[in-house]
Amino acid sequence: MVKNGGLTLEEFGRSLVELTMTEDVIRRRAIALLSLARREERELKVLGKMSRLTVDFQAGDATVMRGVSGAFDVSIPQTLTVRVDTAGEAEAAEHRLGATIVLRITPRPCAPLGIYLDIAEPGAESVQFAESQAGSRDYLHARIEEEVRKELLRLVNARIAETGAERTVDLEEPLARALGLAGAEPGGREAPPPSRLRGAGAAPQEAAAAQQDAPTDELVAQLRIIGNAMPIQVWTSRPDGHLNFVNRAVLDYFDRTEEQVLGEGWLGVVHPDDVQKTVARWTRSLQTGEPYETEFRLWRTRDQTYREHVVSAQPQRDAAGNIVLWIGGTTDVADVRRAVAALRTSEARYRLFAEASNEGIWSWNIREDTTEWSDRMLELMGVSREAWGGTFMSFFERVHPDDRSAVQAALKAHLEERRPFEIEYRMRHEDGEYRDMFIRGMAEWDERGVPFQMAGGATDVTEQKRHQAMLKERLEIIEQQQEAIRALSTPIIEVWKGVLTMPVLGVLDEQRSQQMMEVLLDAVARTRCRHAIIDLTGVSALDAGTADHVLRLIDAVALLGAQGIVVGIRPEVAQTVVSLGLDLSNIKTLSNLREALLFAMQSSGVSVRRRRRRRAAREDADDAPSAREPLSARGR
């Protein structure tokens, strides 16, 4: 580009960048400036486990793409060998990652005659991992990627800071040599340095003055073109505060013509209650030259409503410092304000719900390894917010050592297999006591299936656990008492080998009769008895149901090879049996327990007569006079 017979410095600088900064030059300079360390080591904590992360770097061939505004996007591939040595594990885990570092490099002309490589500070998105990694959904693998990303960014940023003085490409000497100006000119005069090359007879001061003397009409025309192309409300005003331009977005919003808005016409759409403060604030900016910033409500024709707006304007000054123009913009923030108000209401409602439910709320940023605890959560642990560490380890170090492996396993299963995360564990209170906690949570996964954040709630169940233990102890006592009562209500007496007696007291119902049958049958089978005596002496009344229970009990005993004997039927019970028409002919019935025992003995082949004679002999011997008794005493 030639103006007035020469090139301006700006045009000359742009031409130099276009000619000298090729993709190959940028590639070579980027690789030289951003060579990374071959090996890096650092500490790593994964779900509470201490590990050592070792990363070996191997850079590949960089690719360069020319972007907009003269910038270059440089992609430097890295092949990374990552070794993770975890405490308590015999073998180290080794991973191979493919990562690409993307940098934006913008060559800029600099004095005296050079090009400065401006490298934008890379963000997290500048490090991209290959999508084809095996097990990329694995939590540990994803965590390693994030740690490697942080390490790469740290190294790149440190390298960029170190190479600040090395990023200037000096073009003065090679350019002079290319133009044949490196030595003396013919005639013995030295050639002027290329950094002062200008157009024919054009001085720098004159060129600058020519640029400042641009026609005002041309500037206004350019502002109109640019302003009307913008979707936001843009306006300009004269130094006296009267609007002299509004863009198409303003006219469409208020459905007015330019003549209706320019000057002071814009005050017609301001809410009446806001006019006074708006004029006062605008007047103060006009008098002091301070930037204009305020809020007011404006009438929107489309829905016939006043809506909140934020307005700001900056003064434009000439070389002498005088304000020649105000350029401003107006933004409708009604929807944003309503959304913010709704969000605050939702947050307040959720906070109220969390406090009312007595549950502590927590969140965990997995990528950054930071945690947030609600006030209730801090209260449950008795720790102040200032003393709370705010990392996963701050939480994990408070978990009881015996419960840590279970917590780690539950977290790993949730993050990698998406199983529900619900677990009960013990957590150390600030006073040193371990409290029983129940915690649940849910993670959120990105489009690759890698978890990046998690949130949930926790409840102190210490008192509940104590009450449950107390209740369990009391229930055990009650069960023991019930067992004792059942044993008393269905006593089994083994009179001698082969003969059992079960006295029946009170009223027989379905449940008690079933219990009697279970107890008696178990005893018959265990002792292999031949006779089972059911004593009804304690039964004062007998109905059809009770009689049916007794009949079934006798039948069940018979099935086990024993003979059932019923004794102790009272007269009133006998009358009831006759009146009910019950058939007891197949059942051995005797008057009392003595007769039943005699029957059992006789059935067993025991001689009752011999035992009676022995007892009578003992009784006669007791009644006979002693041999040592004097005769005189005997005759008395």
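This structure is a prediction, so every number in the text was calculated from the model and none was measured.

Rules behind the numbers
Residues numbered from 1 in each chain as written. Predicted model: local features only at pLDDT ≥ 70, side-chain atom pairs only at ≥ 80, totals over all residues. Heavy atoms only, no water. Helix = DSSP H or I, 4+ residues; strand = E, 2+ residues; numbered from the N terminus. Buried < 20%, exposed > 50% of the residue type's maximum accessible area, 1.4 Å probe, protein only. Contact = heavy atoms within 4.5 Å. Areas by Shrake-Rupley, 256 points an atom, 1.4 Å probe, with all protein chains shown as cover. Pairing = 2+ DSSP bridges. Axes fitted to C-alpha atoms, helices over the stretch in contact; angles between N-to-C directions. pLDDT = per-residue confidence, 0-100. Patch = residues over 30% accessible without salt bridge, like charges linked within 9 Å, V, L, I, M, F, W, Y side chains within 5 Å. Salt bridge = Lys/Arg side-chain N within 4 Å of Asp/Glu carboxyl O. Polar contact = N/O pair within 3.5 Å; in protein donor to acceptor, adjacent residues only side chain to side chain. Phe/Tyr/Trp six-rings, centres within 6.5 Å; stacked < 30°, edge-to-face > 60°. Lys NZ or Arg CZ within 6 Å of the ring centre and 35° of its normal. Expected span 1.5 Å × (residues − 1).

**A few points about the overall build of the protein chain**
Right, on to step 1. Looking only at helices and strands, the protein chain has 20 helices and 23 strands in total.
Right, on to step 2. Here the protein chain holds 636 residues, and 37% of them are scored as buried.
Right, on to step 3. Considering only residue pairs separated by 6 or more positions, the protein chain has 56% of its internal contacts joining residues 24 or more positions apart.
Right, on to step 4. Of the roughly 37,700 Å² of accessible surface on the protein chain, 52% is carried by carbon and sulfur atoms.

**Examining the side chain of Gln 408**
Right, on to step 1. Among the secondary structure elements, Gln 408 is positioned in helix α13 (residues 404-417).
Right, on to step 2. Setting aside its immediate chain neighbours within four residues, Gln 408 contacts Leu 47, Gly 48, Lys 49 and Phe 396.

**Concerning the sheet that holds strand β18 (residues 451-460)**
Right, on to step 1. Strand order in the open sheet made by the five strands is β15-β14-β18-β17-β16, with antiparallel pairing throughout. Each end of this open sheet is capped by a strand with a single partner; those strands are β15 (370-373) and β16 (421-428). For this sheet, the mean angle separating the axes of adjacent strands, direction not counted, is 25°.
Right, on to step 2. Relative to β15, strand β14 (residues 360-365) runs antiparallel, the two being bridged by four bridges. Bridge pairing in β15 places Trp 364 opposite Thr 371.
Right, on to step 3. Packed onto the sheet, α13 meets β14, β16, β17 (434-445) and β18 and runs at close to 150° relative to β16.

**Re the confidence of the model for the protein chain**
Right, on to step 1. For the protein chain, per-residue confidence averages 77 on the pLDDT scale, and 78% of positions sit at 70 or higher.
Right, on to step 2. Considering only residues more than four positions removed or in separate chains, one finds that residues 132-136, a stretch of pLDDT under 50, has 10 contacts.
Right, on to step 3. The low-confidence segment residues 631-636, where pLDDT is below 50, has three contacts with residues more than four positions distant or belonging to other chains.

**Side note on the side chain of Ser 126**
Right, on to step 1. Within the secondary structure, Ser 126 sits in the loop between β6 (114-119) and β7 (127-129).
Right, on to step 2. Exposure remark for Ser 126: the relative accessible area of 10% places this residue in the buried category.
Right, on to step 3. When sequence neighbours within four positions are dropped, the list of residues in contact with Ser 126 reads Thr 100, Ile 101 and Val 102.

**Description of a nonpolar patch on the surface**
Right, on to step 1. Judged by side-chain polarity, Ile 225, Ile 226, Met 230 and Ile 232 come together as a nonpolar surface patch covering roughly 390 Å² of accessible area.
Right, on to step 2. Here Ile 232 is to be found in the loop between α6 (216-229) and β9 (233-237).
Right, on to step 3. On the basis of relative accessible area, Ile 232 is assigned to the partly exposed category, the value being 44%.

**Some words on helix α18 (residues 593-603)**
Along an α-helix, a turn takes 3.6 residues, which lines up residues three or four apart on a common side.
Right, on to step 1. Taken together, the buried positions of α18 are occupied by Ala 596, Leu 597, Leu 598, Phe 599, Ala 600 and Met 601.
Right, on to step 2. The N-terminus of α18 is capped by Asn 592, whose side-chain oxygen sits 3.1 Å from the backbone nitrogen of Arg 594.

**Regarding the packing of aromatic side chains**
Right, on to step 1. Throughout the structure, instances matching the rule amount to 10 aromatic pairs.
Right, on to step 2. Summarising the aromatic geometry, the rings of Phe 395 and Tyr 425 are spaced 6.2 Å apart at their centres and angled 85° between planes, so their arrangement reads as edge-to-face. Linking Phe 395 in helix α12 (residues 392-396) with Tyr 425 in strand β16, this pair joins segments that are 30 residues apart in sequence.
Right, on to step 3. Under the relative-accessibility criterion, Tyr 425 is labelled buried at 2%.
Right, on to step 4. The structure contains a cluster of three or more aromatic residues connected by ring pairs, namely Trp 364, Phe 392, Phe 395, Phe 396 and Tyr 425.
Right, on to step 5. Across from the ring centre of Trp 445, 4.1 Å away, lies the NZ or CZ of Arg 418, which sits over that ring.
Right, on to step 6. Over the ring of Phe 599 we find Lys 588, and its NZ or CZ is 4.5 Å from the ring centre.

**Focus on the sheet that holds β9**
Right, on to step 1. Reading across the sheet, the five strands line up as β10-β9-β13-β12-β11 and stay open at both edges, with antiparallel pairing between neighbours. With one partner strand each, in any of the chains shown, β10 (243-246) and β11 (292-300) form the two edges of the open sheet. Each strand axis lies, on average, 30° off the axis of its neighbour in the sheet, ignoring direction.
Right, on to step 2. As judged from the three bridges shared by β9 and β10, these two strands associate in the antiparallel manner. Bridging across to β10, Trp 235 finds its partner in Val 246.
Right, on to step 3. Strand contacts of helix α9 (residues 275-288): β9, β11 and β13 (323-332), with the helix running at about 145° to β11, the strand carrying the most contacts.

**Thoughts on helix α16 (residues 544-559)**
Right, on to step 1. Given a rise of 1.5 Å per residue, 16 residues ought to cover 22 Å, and the 23 Å separating the end C-alpha atoms of α16 matches this to within 8%.
Right, on to step 2. Remark: Gly 561 follows α16 within two positions and exhibits a positive phi of approximately 90°.

**Regarding the environment of Leu 325**
Right, on to step 1. One can find Leu 325 in strand β13.
Right, on to step 2. Exposure remark for Leu 325: the relative accessible area of 15% places this residue in the buried category.

**What to know about unusual backbone geometry**
Right, on to step 1. Positive phi is not limited to glycine here, since Asp 369 has a value of about 55°.
Right, on to step 2. Locating Asp 369 in the fold gives a position in the loop between β14 and β15.
Right, on to step 3. Asp 369 sits in the buried class, given a relative accessible area of 15%.
Right, on to step 4. One non-glycine residue, Arg 418, adopts positive backbone phi at about 60°.
Right, on to step 5. Relative to the assigned elements, Arg 418 resides in the loop between α13 and β16.

**Some remarks on the environment of Gly 564**
Right, on to step 1. Position of Gly 564 among the secondary structure elements: in strand β22 (residues 563-567).
Right, on to step 2. With a relative accessible area of 9%, Gly 564 lands in the buried category.
Right, on to step 3. Counting along the chain gives 34 residues from Gly 564 to Arg 530, while the straight-line C-alpha distance between them is 8.7 Å.
Right, on to step 4. Dropping the residues within four chain positions of it, Gly 564 is found in contact with Ala 532, Ile 554, Val 557 and Lys 588.

**Comments concerning the environment of Val 557**
Right, on to step 1. Its place among the elements puts Val 557 in helix α16.
Right, on to step 2. What makes Val 557 buried here is its relative accessible area of 0%.
Right, on to step 3. Considering only alpha carbons, one finds Val 557 and Asp 522, 35 residues apart in sequence, at a separation of 10.0 Å.

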